[in-house]
Amino acid sequence: MIEEVIMAKERLKIGIYGLTGCAGDQLTILNCEDELFDFFRATEICSFPMAKSDNLEENLDIAFIEGSVSTEEDLRLLKDIRERTKMVIAIGNCSCYGGPQSGLLLDKNWRKRIKQIYGDIKFDIPPPRNHKPINAYVNVNSLIPGCPIDKGEFLRAISRLINGDLPIPINYPVCVECKYNENECLLNKNIMCLGPVINAGCNSICVNHNLPCVGCRGPVIEAAITSEFELLLKKGLSSDDIRNRAMLFAGAPMAQMLKKLMETKK
Amino acid sequence: MRRLNVNHLTRVEGNGAITIEVDGKKVKRVRIEIIEGPRLFETLAIGKLPSENLNLVPRICGICTLSHRYASIRAIEKCLGIAVPKKTFLLRELMHHGEMIESHSLHIFLLTLPDLFGYPGAPALADKYEEYLKEGLELKKFGNRIMEVVSGRVIHGENPVIGGFGKFPTEKELLKLSSQARCLIPLISHTIDLLGDSKIPKYLDQETQYVCVNPPKKRYGFSGDSILISDGQVFDAEDYKKVTNERVVDHSYAKRALYNGKPYTTGAIARINNLGDRLNGMAAEYYHKYWNNRWKKNPIFNNTAQAIEILYCLEKIQELIDQIIALRNHKIIKPKKENGTGTGLVEAPRGILFHSYEIKNGRMEKSDIITPTGQNLDDIERYMRKAAEHLLEKNEKDNEILRQLEIIARAYDPCISCSSHLIRVVRK
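Every value quoted in this text rests on a predicted model; they were computed, and no experiment measured them.

Rules of the game
Residues numbered from 1 in each chain as written. Chains lettered and ligands numbered in written order. Predicted model: local features only at pLDDT ≥ 70, side-chain atom pairs only at ≥ 80, totals over all residues. Pairing = 2+ DSSP bridges. Helix = DSSP H or I, 4+ residues; strand = E, 2+ residues; numbered from the N terminus. Axes fitted to C-alpha atoms, helices over the stretch in contact; angles between N-to-C directions. Contact = placed C-beta atoms within 7 Å. Buried ≥ 20, exposed ≤ 12 C-beta atoms within 10 Å, placed from the backbone.

A short note on the sheet that holds strand β1 (residues 12-18) of chain A
All names here are of chain A.
- On the basis of which strands lie adjacent, the open sheet formed by 5 strands has the order β2-β1-β3-β5-β7 and parallel pairing. In the strand order of this sheet, the two ends are held by β2 (43-47) and β7 (142-144), each with one partner. Geometrically, the sheet is characterised by an average inter-axis angle of 30 degrees between neighbouring strands, direction not taken into account.
- Both β1 and β2 contribute to a ladder of 4 bridges, which runs parallel. Pairing of Leu-12 across the sheet is with Thr-43, part of β2.
- Relative to the sheet, helix α4 (residues 72-83) contacts β1, β3 (60-66) and β5 (85-91), its axis offset from that of β5 by approximately 135 degrees.

Structure representation (structure tokens):
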């Protein structure tokens, strides 16, 4: 895959897309004010509907996709992009994990809930689906997590890609960065922090502000979910509260881990 | 009968489409379709802690993130009987002014200017108008910097919390922002002139109603506890439903709003039309230089209104920072009670935003969120219909008609992510 991309002699053909989400990750790209011109020139931006109108939906080297699959149209577009793209990169929590909207994935009555909300109205637009990350449907080559993504992490990824290498995923928890920043551990102060089970890369920004990690970067690989759960139980949280907290942002992979945990507890 | 489509509305935030049905020269139907998936934010909040709701709601929108956070904090603090010291109030105002600058400059320079110069988008503009675009990006970066300093991160910063801040910004950081604000004023004055002098076609002109927050003490601003309408009526925040009268339609996951049975417009243009005579300083000079009665009839003036607001913000920020640094930091204020209801009202960049909650035993019991784009959709459709009728009469080509309709939609700076979370919570 990457070899094919490297072999491209011309500028990389890039697409930047948004499915269902808040556009915060695409906006983070536009927020690279100092690097934006270089980025526009070093690559060929074939499609970026949020920023331009002359979009060419053709074969791409790389597609950055924000947002969860939340409607039939999202799914159609995702499959179409996958088919014509060498590397698909999920950007942001919604695309990587399902986003806050997937916080009810453990709730079986999703369809019923939609009906309760909208009543019996029949929509004349693509029907909604339960919110899922893009890798629930297609092969994804790389993930850039975060809510929103970190500007530096995106720029490092794009520079590596332009120079023919893969982005480097971060495989350690927020606690690592938090220790570097010499913050006092909030769990020691009985503040319910998710840092131990969440992907780093944010420079422990919330804890630097004396606030607990809310988990916006999704679960770290091999997250020690059982010990975090037990620790929080010991600190006096109910298991419902822990579930609520963990599902604020940790989406499909967290839902799966919690489900497994609850099954073993039974 | 034929159908004209813009399948994917570009240079706006989120996923929307435009469809018009035409019979000869008659417009049968105009629809702005919100096809972004419904994210059910109001249901996500139920049963959670107010602080967890505050983690969630900014994620409704990456561009109006701090407006959602601010409206949510105002609502929660009303519910729980929290009154914050002046320092916290002023810092919240500061971050909110930062968001206005960022969002308005994104819209003016990256999304709208290409139309003015006849380009398909910012990347194409970068080659010919690099200097211009760079000025815009300077302003945008400054807005971002304010948000970063006060809220902890450019987008979705968690630092503003119920009862105060996790950590107060330092005097040094704030003073630097103040001197930057002063330096940027010439950049925006020059843009107001560019937009103010551009010709805006008269065929769109038709009267409408304008709705905005009524800031206290007869000041210009973006927060308050009552609603001001262009007909002179004022409503208390808690009576917001009398203004919005929402309903569900079949072609949109966003609810629609009507006041007095008619569509209305909210956003920078509504604020300038309703509150423009409250401006002072250079912003007032520019307001008097360019404002005229046509602004009350044509949504394209929204672009110039946004530029005037950037100038207002740059002046106001210096004033806010002078006040903030004279005040002491304080600890986070704790809630006085566990039950209550309350409506938080702020102006998001695109217009009036409502967060209305009920909290019971310290948990979110009910949540109703009404966003500006949802309120604007009916009026956008009304103006698009007027444009389509005129352009069909002039025998314009389909492509040109659709391009003009996109320009109208874009002038409203629609924020589709915001609008499409919109749903009413029906409890079992």
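Focus: the environment of Gly99(A)
Residues and elements named next belong to chain A.
- Within the element layout of this structure, Gly-99 appears in the loop between α5 (93-97) and α6 (110-118).
- For Gly-99, a count of 30 C-beta atoms within 10 Å puts it in the buried group.
- Along the sequence, Gly-99 and Val-69 sit 30 residues apart, while their C-alpha atoms lie 10 Å from each other.
- Excluding residues within four positions of it along the chain, Gly-99 makes contact with Gly-21, Ser-68, Asn-93, Cys-94, His-131 and Gly-251.

Notes on unusual backbone geometry
- In this model, Cys147(A) is joined to Pro148(A) through a cis peptide bond whose omega is 0 degrees.
- With respect to the secondary-structure elements, Pro148(A) resides in the loop between β7 and α7 (151-162).
- Of note in the backbone geometry, Asn210(A) takes a positive phi value of approximately 65 degrees without being a glycine.
- As for its position among the elements, Asn210(A) is in the loop between α9 (205-208) and α10 (225-234).
- Residue Asn361(B) is not a glycine yet carries a positive backbone phi of 50 degrees.
- With respect to the helices and strands, the residue Asn361(B) is situated in the loop between β11 (351-360) and β12 (363-370).
- Note on Asn361(B): 7 C-beta atoms within 10 Å, which makes it exposed.

Section: the sheet that holds strand β1 (residues 2-6) of chain B
All names here are of chain B.
- Taking strand neighbours across the sheet as the criterion, the 3 strands line up as β1-β2-β3 in an open arrangement whose pairing is antiparallel. Pairing within the sheet leaves two strands with one partner each, and these edge strands are β1 and β3 (26-34). Direction aside, neighbouring strands of the sheet carry axes that sit 15 degrees apart on average.
- Pairing geometry for β1 and strand β2 (residues 16-23), over 5 bridges, is antiparallel. If you follow Asn-5 over to β2, its bridge partner there is Thr-19.
- On top of the sheet, helix α12 (residues 372-393) reaches β2 and β3; it is set at about 140 degrees to β3, its chief contact.

As for the pairing of strand β6 (residues 128-132) of chain A
Residue and element names in this part refer to chain A.
- Among the 5 residues that make up β6, 4 are buried, leaving the element largely enclosed by the rest of the structure.
- As paired elements, strand β4 (residues 69-71) and β6 share 2 bridges and run antiparallel to each other. From the neighbouring strand, Thr-71 faces β6, where its bridge partner is Pro-128.

These results come straight from atomic positions and should not be treated as a statement about function.
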